[in-house]
Amino acid sequence: MADKPTSGEILGIPYNFERPNFSNMLSAHWQPGEGMLVEKPFGVGYTLNLANWRSWVVVLVAGALLWQQEQGSAEESQDADDEPVEVIVDDDGN
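Presented here is an overview of the structure given in this document.

**Some details on the overall build of the protein chain**
From N to C terminus, the protein chain includes two helices and five strands. Listing each helix as α and each strand as β along the protein chain from the N terminus yields β-β-α-β-β-β-α. In the form shown here, the protein chain has an accessible surface area of approximately 8,200 Å², with 57% of it arising from carbon and sulfur atoms.

**A closer look at the pairing of strand β1 (residues 7–10)**
Relative to strand β2 (residues 13–16), β1 is paired through four bridges, and the arrangement is antiparallel. Along β2, the bridge assignment pairs G8 with Y15. Connecting β1 to the antiparallel partner β2 that follows it, the hairpin turn spans two residues, and L11 within it adopts a positive phi of roughly 55 degrees.

**Comments concerning unusual backbone geometry**
Phi at L11 takes a positive value of approximately 55 degrees, unusual for a residue other than glycine. With respect to the helices, strands and loops of the structure, L11 is situated in the loop between β1 and β2.

**A short note on the environment of W53**
Take W53: it is sitting in helix α2 (residues 53–82). For W53, a relative accessible area of 59% corresponds to the exposed category. For the pair W53 and G35, spaced 18 residues apart in sequence, the C-alpha separation works out to 9.7 Å.

Conventions we followed
- Position labels on residues start from 1 in each chain and follow its written sequence.
- Where local features are concerned, this predicted model is filtered to residues with pLDDT of at least 70; where side-chain atom pairs are given and counted, the filter is 80 or more; whole-chain, interface and lining totals use all residues.
- Derived side-chain values reflect all non-hydrogen atoms in the structure, with water molecules and hydrogen atoms excluded from consideration.
- Helix and strand assignments follow DSSP, with helices taken as H or I runs no shorter than four residues and strands as E runs no shorter than two, numbered in order from the N terminus.
- Per-residue accessibility takes into account occlusion by the displayed protein chains alone, with areas from the Shrake-Rupley method and a 1.4 Å probe.
- Here the rule is simple: two strands pair whenever DSSP picks up at least two bridges between them.
- Partly exposed residues are those whose accessible area sits between 20% and 50% of the maximum for their type, while under 20% is buried and over 50% is exposed, using a 1.4 Å probe and protein chains only.

Put into structure tokens, the structure is as follows:
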């Protein structure tokens, strides 16, 4: 039985299923001189290159949006707890 390749491309999307180690993970996420996206060290697709300043902008924007969403949901839950609830009972006598 032929061995299946552990890395390559399918329809232009890279994949790599070789066993990762710490140095490969670090070097994959920190590649000075490369673009914002680099091939994932394990799995399918691309990941952020943390040596590129554009990646940090993406991380900060995503973090700010997550923080804003959490603040909004916390305020909504506090507002919902403080408001009285009106209950209407319709008793037709049946």
